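# Working through the structure, step by step
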Amino acid sequence: QVQLTESGGGLVQAGGSLRLSCAASGRTFASHVMGWFRQAPGKEREFVAVISGSGGVINYADSVKGRFAISRDNAKNTVYLQMDALKPEDKAVYYCAARAAGMSYTTDYSRYNYWGQGTQVTVSS
């Protein structure tokens, strides 16, 4: 079982930056593909970014490419999402998620096994 705890959300003006963190429990963190997803009111949860266990494979949604950066520190059991040039349309609850240990890389949120509680990101115009 993996427990995930996000932090770092908040209110920021358009054009500003936030850094989200997600701390994971357990000893197998490096074996887990980690993803960030978001959900705005009235909308489906959507993929934001994903990183492989080693950090060698990364992918982004087109809507955030060039503005967001995902990274991980396996020694600290933590994955990060650096968000720059934020736009009002980035407003959502952001969730950290993990696939089961050893499972392959995917952007499909339904295939993630563990989820954090979410952190709110609000961008004012």
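Residues numbered from 1 in each chain as written. Predicted model: local features only at pLDDT ≥ 70, side-chain atom pairs only at ≥ 80, totals over all residues. Heavy atoms only, no water.

Let's shift gears to the sheet that holds strand β8 (residues 78–83). Ordered in space as β1-β3-β8-β7, the four strands form an open sheet in which the pairing is antiparallel. With one partner strand each, in any of the chains shown, β1 (4–7) and β7 (68–73) form the two edges of the open sheet. The average angle at which neighbouring strand axes cross in this sheet is 15°, direction not considered. Bridge count between β7 and β8: six bridges; the pairing is antiparallel. Across the sheet, residue Phe68 finds its bridge partner in β8, namely Met83. (Pairing = 2+ DSSP bridges. Helix = DSSP H or I, 4+ residues; strand = E, 2+ residues; numbered from the N terminus. Axes fitted to C-alpha atoms, helices over the stretch in contact; angles between N-to-C directions.)

The nonpolar side chains of soluble globular proteins are, as a tendency, buried together. Core analysis: the largest hydrophobic core is formed by 35 residues, its most contacted members being Leu4, Met34, Trp36, Val79, Leu81, Met83 and Tyr94. Among the secondary structure elements, those contributing two or more residues to this core are β3 (18–24), β4 (34–39), β5 (46–51), β7, β8, β9 (92–98) and β11 (119–124). In this view, Leu4 contacts Cys22, Ala23, Ala24, Met34, Cys96, Ala97, Ala98, Tyr114, Trp115, Gly116 and Gln117; residues no more than four positions away in its chain are not counted. (Core = buried A, V, L, I, M, F, W, Y, C linked by side-chain atoms within 4.5 Å. Buried < 20%, exposed > 50% of the residue type's maximum accessible area, 1.4 Å probe, protein only. Contact = heavy atoms within 4.5 Å.)

Let's shift gears to the state of the cysteines. For the structure shown, the criterion picks out one disulfide. There is a disulfide in this structure between Cys22 and Cys96, and the S-S distance comes to 2.0 Å. Linking Cys22 and Cys96, the disulfide has an S-S dihedral of approximately -70° and is accordingly described as left-handed. Separated by 74 residues along the polypeptide, Cys22 in strand β3 and Cys96 in strand β9 bring together distant segments of the chain. (Disulfide = S-S within 2.5 Å.)

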